[in-house]
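Overview (structure and organization)
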Amino acid sequence: GESVGLHLPTLSVQEGDNSIINCAYSNSASDYFIWYKQESGKGPQFIIDIRSNMDKRQGQRVTVLLNKTVKHLSLQIAATQPGDSAVYFCAEALYNTDKLIFGTGTRLQVFP
Amino acid sequence: SAVISQKPSRDICQRGTSLTIQCQVDSQVTMMFWYRQQPGQSLTLIATANQGSEATYESGFVIDKFPISRPNLTFSTLTVSNMSPEDSSIYLCSVAGGDEQFFGPGTRLTVL
């Protein structure tokens, strides 16, 4: 099937290491941010979200950090596993809308 | 979370023809969206499918090229009209459920 992220930046990590994926968002009026994981042949899968009144949010093995000053978002994955291999997209939503603006994406490759 | 299905999952079409993609959700939702993901690229919002009224298109997308129907709160269609090879993409529908937005598996379109 078609591959996602053929031309995207790639982050390669060893299994068990922590991964950090970064994203610069575009609009200072955005107040809601989401990280999605997309495996080849599938639609994006919600991972974690954060609102602009927070600067950190933790989930299971994942943490999202938001720096509104420099319009930067990061996704940290602890103890990265082979199943984490995928393309990761950040997305932003303007205040009071559900329309998402997606970032360019990063391909995460996990080696044993 | 909402369960979203799309038909067809993939198709290969001749230029100049049209293809209608169906999106079915397992629960009633207010907001449905259509996105395009060109090969190796991120997702771009095409339009918001409004129930009972005309879809709202984003800049660069027009109704004549991408007519959308939304007859009820669980179903929508996107037609890609008068196709050219540049329309080869993955087309995804999504629904907003609370804060989260869920995506269908996508329809992989190749235009020859």
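Residues numbered from 1 in each chain as written. Chains lettered and ligands numbered in written order. Predicted model: local features only at pLDDT ≥ 70, side-chain atom pairs only at ≥ 80, totals over all residues. Heavy atoms only, no water.

**Quick notes on the sheet that holds strand β7 (residues 72-77) of chain A**
Residues and elements named next belong to chain A. Pairing is antiparallel in the open sheet, where four strands are placed in the order β2-β7-β6-β5. Strand pairing shows two members of the sheet lacking a second neighbour, β2 (19-24) and β5 (56-58), which therefore form its edges. On average, each strand axis in the sheet is inclined to that of its neighbour by 15°, with strand direction left out of account. Pairing geometry for β2 and β7, over six bridges, is antiparallel. The partner of Asn22 across the bridge, within β7, is Ser74. (Pairing = 2+ DSSP bridges. Helix = DSSP H or I, 4+ residues; strand = E, 2+ residues; numbered from the N terminus. Axes fitted to C-alpha atoms, helices over the stretch in contact; angles between N-to-C directions.)

**Some details on the side chain of Ser88 of chain B**
Residues and elements named next belong to chain B. Mapped onto the fold, Ser88 is located in the loop between β8 (75-80) and β9 (89-97). Looking at Ser88, its side chain comes within polar contact range of the main-chain oxygen of Pro85, at 2.9 Å. With near-sequence residues (within four places) excluded, Ser88 lies in contact with Pro39, Leu109, Thr110 and Val111. (Polar contact = N/O pair within 3.5 Å; in protein donor to acceptor, adjacent residues only side chain to side chain. Contact = heavy atoms within 4.5 Å.)

**So, the side chain of Arg36 of chain B**
Tracing the chain through its elements places Arg36 of chain B in strand β4 (residues 31-37). Not counting the four nearest positions on each side in its chain, Arg36 of chain B is found in contact with Ser42, Leu43, Thr44, Ile46, Phe61, Phe66, Ser89, Ile90 and Tyr91 of chain B.

**Things to note about the packing of aromatic side chains**
Residues and elements named next belong to chain A. The full count for this structure, using the stated rule, is ten aromatic pairs over all chains. Ring plane angle 80° and centroid distance 6.2 Å describe the contact between Phe89 and Phe102, whose orientation is recorded as edge-to-face. Of this pair, Phe89 sits in strand β8 (residues 86-94) while Phe102 sits in strand β9 (residues 100-102); the two residues are 13 residues apart in sequence, bridging distant segments of the chain. Taking relative accessible area as the criterion, Phe89 reaches 0% and is therefore assigned buried. (Phe/Tyr/Trp six-rings, centres within 6.5 Å; stacked < 30°, edge-to-face > 60°. Buried < 20%, exposed > 50% of the residue type's maximum accessible area, 1.4 Å probe, protein only.)

**Side note on the environment of Gly43 of chain A**
The residue Gly43 of chain A is located in the loop between β3 (30-38) and β4 (45-51) in this model. Residue class for Gly43 of chain A comes out buried when judged on its relative accessible area of 13%. Ignoring any residue separated from it by four or fewer positions in sequence, one finds Gly43 of chain A in contact with Lys37 and Gln38 of chain A together with Leu92, Gly104 and Pro105 of chain B.

**Considering the sheet that holds strand β1 (residues 4-7) of chain B**
Residues and elements named next belong to chain B. Spatial strand order, β1-β3-β8-β7: four strands in an open sheet with antiparallel pairing. For this open sheet the edge positions go to β1 and β7 (68-72), each flanked by a neighbour on one side alone. Each adjacent strand pair in this sheet contributes to an overall mean axis angle of 15°, direction not counted.

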